[in-house]
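# Architecture and fold: a report
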Amino acid sequence: AKASTLISLFSAAISVYLAVNNGLVESSLLGINNFGLSIRIDALSSLMFTMIAIIGFIVVRFSFNYLDGDSGQGRFLGRMAITIAAVQLLVLSGNLGLLVIAWILTSISLHSLLLFYRDRSGAIVAARKKFIVARIGDTCLVIAVSLLYLEFNTGNLQDIFNELNSLLVTKSISLRLELAALFIAFSAMLKSAQFPAHGWLVEVMETPTPVSALLHAGLLNAGPFLIVRMAFLMDATAYASVLILVVGAITAIFASVVFLPQTSVKTSLGYSSVAHMGFSLMVCGMGAYSAAMLHLVAHSFYKAHAFLSSGSVIDKMRASKVKKANRLGSPIRIASSIVLAITIYLFFAWIWGVNISDEFALVAIGAIIVMGLSSLFTTAIDSNGGIMLMFRTLIIAVTVTITFFTLESSMHYVLVQQLPELIKPSFVKVVLIISILLIFGFVTFFQIIAPVIPYKNVYRVWFIHLKNGFYVNAMFDKMVNALHIHQLNKMHNPIVESRNFNK
């Protein structure tokens, strides 16, 4: 296990070197009729390969102590290594054939990890739902790949991208390509636990913590990565990008709201991942692929750390010396917080030369950042925290804004050769994006004023509904007959059988 992670890191370093010096490196094809197995090394694949290598190294090392003394530790590390290899093979795929094989292999290897403890009924339920969702997603990808091969008579990704660039000029997109893009969108959404097929992700907590870290920091990213990899197809077609924009936005808003009342650390992190994946796909739907990749990489490292350190969260909270400031509920202070957030963002957008008409997607993403900064400023300004709290908040807000613009520009520079140019969205997309921003704004404003609203019993009712995710997952359980699994495990429970026998 140690050797495999070190070899992976060394291979990632070589891939970065090749990408920097050559731009694009492709291996020879092992297959027939331009369809088979080949490796592709470019800026996008090297970025993802390196990220997975680092996270895999950390997760495997964490597993040494986490499962020390467990009789199945060797079996666990073997399955973990296969899963990491499958994800790396996916991001390095240079042909549609290898892309499909690696995509399916990631699901199968993950399934074996989810059922590492086969005697836990919760793990069985989550794995069964994941298996059903994954097989549907795999089928969608196979259909999409078949359509693309029939259209271009090749499985080589670079040849397909070149053909798509030509079609963008002539704007002669066939129905076959529209359907292929839609099936790719469906496959990516199912892979990344998008609403309403998100329930399995918040229930896979019966598996060892390293599995959760690898799942949330690596495997979930396969959905947004597939969209970014096929970005030329997404931009060439009309309906797929609209689909992931809408579904991603719904998922992000839904999961963000349901996340708030959760009392379990890992369940909260699960809904957080659902929301982040939704946000990444939404940004892809806007056409800002470099910003989506920035968010994806940042979220991966953050979520890996969050899961691996989740066991010590309570100790950290108890040791914390920070006292929560009390909100005052002043309308003037709340309005000042919002104005200050807008001012900071517009100032740095002006420095970076962001053009509202040409870069509407980046402006929309910036509006969401403003909402986050508004919530941050309100906590400091509309409270009794004092001048020092306001000063620290201002420093954090400026740092976040500068970091966003700097890293987004850097990511765009790195990936510029592998992604299509940021284009002006259609009228339909503009209307959808504005509508989404209004909903985000309403939710953010309610979150800002919620602490100062007088408490009523009706809030308790909504709290219960939110905590249960409006029972969407329960309906999905019923669809796949997951509740029946609980009954079977209860029937085979020795204690229950003994009681029945005594009766």
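This structure is a prediction, so every number in the text was calculated from the model and none was measured.

### Quick notes on the overall build of the protein chain
Helix and strand counts for the protein chain come out as 22 helices and four strands. A principal-axis box enclosing the C-alpha atoms of the protein chain has dimensions of 75 × 70 × 40 Å. Split into buried and exposed, the 503 residues of the protein chain put 49% on the buried side. Taken as a whole, the protein chain presents about 23,900 Å² of accessible surface, with 68% of it coming from carbon and sulfur.

### Notes on the environment of Met390
Note on placement: Met390 falls in helix H17 (residues 387–415). Along the primary structure Met390 and Thr378 are separated by twelve residues, whereas in three dimensions their C-alpha atoms are 9.5 Å apart.

### Some points on helix H5 (residues 121–152)
In a regular helix each residue adds 1.5 Å, so 32 residues correspond to 46 Å; H5 covers 46 Å between its end C-alpha atoms and thus fits that length. Once H5 ends, the next one or two residues include Asn153, with phi positive near 60°.

### So, the pattern of salt bridges
Scanning all chains against the criterion turns up four salt bridges. Of the charged contacts, one joins Arg135 and Asp138 as a salt bridge, the two residues approaching to 2.5 Å between their closest N and O atoms. Residue Arg135 and its partner Asp138 are both found in helix H5; the two are separated by three residues, about one turn of the helix. One network of salt bridges, with partners in common, ties together Arg40, Asp42 and Arg229.

### A short note on a nonpolar patch on the surface
A surface patch of nonpolar side chains, about 540 Å² in accessible area, is lined by Phe347, Trp350, Ile351, Trp352 and Ile402. On the accessibility criterion, Trp350 (66% relative accessible area) is exposed.

### Structural notes on the packing of aromatic side chains
Using the criterion set out here, one finds five aromatic pairs in the structure. When the ring of Phe35 is compared with that of Tyr149, the centres are 5.2 Å apart and the planes differ by 70°; the resulting orientation is edge-to-face. Here Phe35 is found in strand S3 (residues 35–37), whereas its partner Tyr149 is found in helix H5, with 114 residues between them in sequence. The class for Phe35 is partly exposed, based on a relative accessible area of 30%. For the ring pair Phe161 and Phe232, a centre distance of 5.3 Å and an interplane angle of 35° mean the geometry is tilted. With a gap of 71 residues between them, Phe161 in helix H6 (residues 157–170) and Phe232 in helix H10 (residues 231–236) connect regions that are remote in the sequence. Since its relative accessible area comes to 3%, Phe161 is described here as buried. Residue classification places Phe232 among the buried positions, given a relative accessible area of 8%. A cation sits over an aromatic face here: Arg135 above Phe131, 4.7 Å from the ring centre. Over the ring of Trp103 we find Lys191, and its NZ or CZ is 4.7 Å from the ring centre.

### Let's talk about the packing of helix H7 (residues 175–191) against helix H11 (residues 240–259)
Contact geometry of H7 with H11 gives a least axis separation of 8 Å together with a crossing angle of 25°. Viewed along their axes, H7 and H11 adopt a mutual orientation that is roughly parallel. The crossing of H7 and H11 is right-handed. On the side of H7, the interface is formed by Ala181, Leu182, Ala185, Phe186 and Met189, while H11 contributes Ala240, Leu243, Ile244 and Val247. In the contact of H7 with H11, the residues fall into nine nonpolar, no polar and no charged.

### Overview of the confidence of the model for the protein chain
Chain-level statistics for the protein chain give a pLDDT mean of 82 and a share of 91% at 70 or above. Note that residues 486–503 has pLDDT below 50 and, in this model, seven contacts with residues that lie over four places away or in other chains.

### Examining helix H3 (residues 73–91)
For H3, which comprises 19 residues, the first-to-last C-alpha distance of 27 Å matches the rise-based estimate of 27 Å (1.5 Å per residue) to within 8%. Residues Gln73, Phe76, Leu77, Arg79, Met80, Thr83, Ile84, Ala86, Val87, Gln88, Leu90 and Val91 constitute the buried set of H3.

### A few points about the side chain of Gln88
As for its position among the elements, Gln88 is in helix H3. Given the relative accessible area of 10%, Gln88 is considered buried. Those residues within four positions of Gln88 in sequence are excluded, and the remaining contacts are Ser8, Phe49, Ile52 and Ala53.

### Section: unusual backbone geometry
A negative phi holds for most residues other than glycine; trans holds for most peptide bonds. Omega for the bond connecting Phe195 with Pro196 falls within 30 degrees of zero, at 5°, which places this linkage in the cis form. Positive phi, normally seen in glycine, also occurs at Asn34, with a value near 60°.

### Some words on the side chain of His198
Residue placement: His198 occurs in the loop between H7 and helix H8 (209–217). The buried category is assigned to His198, whose relative accessible area is 1%. In this view, His198 contacts Ala193, Phe254, Tyr271, Val274 and Val472; residues no more than four positions away in its chain are not counted.

### Description of the environment of Ala291
As for its position among the elements, Ala291 is in helix H13 (residues 289–308). Given a relative accessible area of 7%, Ala291 falls into the buried group. Sequence spacing of Ala291 and Leu362 is 71 residues, and the spatial spacing of their C-alpha atoms is 8.0 Å. Setting aside residues up to four positions removed in sequence, Ala291 forms contacts with Val283, Leu362, Ile365 and Glu408.

### Description of the packing of helix H2 (residues 43–66) against helix H9 (residues 222–229)
Orientation of H2 relative to H9, taken along the N-to-C sense of each, is 165°, at an axis distance of 11 Å. Taken together, the axis directions place H2 and H9 in an arrangement best described as roughly antiparallel. Relative to H9, H2 is oriented so that their crossing is right-handed. For the pair formed by H2 and H9, the contact residues are Leu44, Ser45 and Met48 on the first element and Phe225, Val228 and Arg229 on the second. Considering only residue class, the contact of H2 with H9 consists of four nonpolar, one polar and one charged.

The rules we used
- Residues numbered from 1 in each chain as written.
- Predicted model: local features only at pLDDT ≥ 70, side-chain atom pairs only at ≥ 80, totals over all residues.
- Heavy atoms only, no water.
- Helix = DSSP H or I, 4+ residues; strand = E, 2+ residues; numbered from the N terminus.
- Buried < 20%, exposed > 50% of the residue type's maximum accessible area, 1.4 Å probe, protein only.
- Areas by Shrake-Rupley, 256 points an atom, 1.4 Å probe, with all protein chains shown as cover.
- Expected span 1.5 Å × (residues − 1).
- Salt bridge = Lys/Arg side-chain N within 4 Å of Asp/Glu carboxyl O.
- Patch = residues over 30% accessible without salt bridge, like charges linked within 9 Å, V, L, I, M, F, W, Y side chains within 5 Å.
- Phe/Tyr/Trp six-rings, centres within 6.5 Å; stacked < 30°, edge-to-face > 60°.
- Lys NZ or Arg CZ within 6 Å of the ring centre and 35° of its normal.
- Axes fitted to C-alpha atoms, helices over the stretch in contact; angles between N-to-C directions.
- Parallel < 35°, antiparallel > 145°, perpendicular 65-115°, else oblique.
- Left-handed = near helix turned anticlockwise from the far one by under 90°.
- Contact = heavy atoms within 4.5 Å.
- Nonpolar A, V, L, I, M, F, W, Y, C, P; charged D, E, K, R; others polar.
- pLDDT = per-residue confidence, 0-100.

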